[in-house]
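So you can see what is in the structure, the chains are spelled out below.
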Amino acid sequence: MGMLDRFKIDRHQATLLVVDVQEKLAPTFPAEQYREMLGTIDLLIKGAEELKIPVVTTEQYPKGLGPTVPELRQACASGVIEKTSFGCCAEPSFMERMRELGRSQVIVTGVEAHICVYQTVLGLLDAGYHVHLARDGVCSRRRGDYRTALQLAREAGAVVSCAETVLFQLMRDSRVPEFRAVSKLVQAR
């Protein structure tokens, strides 16, 4: 494997992961950061749909924290994985789903960056996945915790990127059939 391989992302190897964007957590986040995150996740979900990339969604103890927020619920309806562990990888049904997909790269989004997202990043890296953390697709209640999470994820081996970088890397060329549709999604943002 070359030095730059972990920075590359391939549409045939990628999975989009949406971690715990749930109703009762939503009001706890800074409004501007939360809106940016929701818009980013929506963009990535729609881009994934265009590019035929699977989306996996988790919910942390939905009995207490509610379901995925309405803005994302329909797009994430293809089977939500419930969990009580903070890191997704400690939930057997999550790892079973990842094995079923048979892909080696995970684009990670969701909340909170320094808790469930960070522990998931570590679990995925430990399991041998290449992890791309969309910095504009995650948030925490406090800005310092968000920054710490990005720094730790990067130091652990995740590639910290942003949604547009991810989408254009997945397409690689403006001649792909999905280019026009994905470009419109990006421009509408």
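Note that the structure is predicted; figures quoted are calculated from it, not measured.

Definitions and cut-offs
- Residues numbered from 1 in each chain as written.
- Predicted model: local features only at pLDDT ≥ 70, side-chain atom pairs only at ≥ 80, totals over all residues.
- Heavy atoms only, no water.
- Salt bridge = Lys/Arg side-chain N within 4 Å of Asp/Glu carboxyl O.
- Helix = DSSP H or I, 4+ residues; strand = E, 2+ residues; numbered from the N terminus.
- Buried < 20%, exposed > 50% of the residue type's maximum accessible area, 1.4 Å probe, protein only.
- Contact = heavy atoms within 4.5 Å.
- Disulfide = S-S within 2.5 Å.

## Side note on the pattern of salt bridges
- In total, this model carries 11 salt bridges according to the counting rule given.
- A salt bridge links Asp-42 to Lys-46, with the nearest nitrogen and oxygen atoms 2.9 Å apart. In this pair, Asp-42 and Lys-46 both sit in helix α1 (residues 31–50), 4 residues apart, roughly one turn of the helix.
- The class for Lys-46 is partly exposed, based on a relative accessible area of 39%.
- Two residues, Arg-97 and Glu-100, come together in a salt bridge whose shortest N-O distance is 3.8 Å. Here Glu-100 and Arg-97 lie together in helix α4 (residues 92–101), a separation of 3 residues that amounts to about one turn.
- Exposure remark for Arg-97: the relative accessible area of 27% places this residue in the partly exposed category.

## A closer look at the environment of Cys-88
- Examined against the element boundaries, Cys-88 turns out to sit in the loop between β3 (80–83) and α4.
- For the pair Cys-88 and Thr-58, spaced 30 residues apart in sequence, the C-alpha separation works out to 7.5 Å.
- Not counting the four nearest positions on each side in its chain, Cys-88 is found in contact with Val-19, Thr-58, Lys-83, Phe-94 and Thr-120.

## Digging into the state of the cysteines
- Scanning all chains against the criterion turns up 0 disulfides.
- You can see Cys-89 has no disulfide; the closest cysteine sulfur is in Cys-88, sitting 6.6 Å from it.
- No disulfide involves Cys-162; its nearest neighbouring cysteine sulfur is the one of Cys-139, lying 16 Å away.

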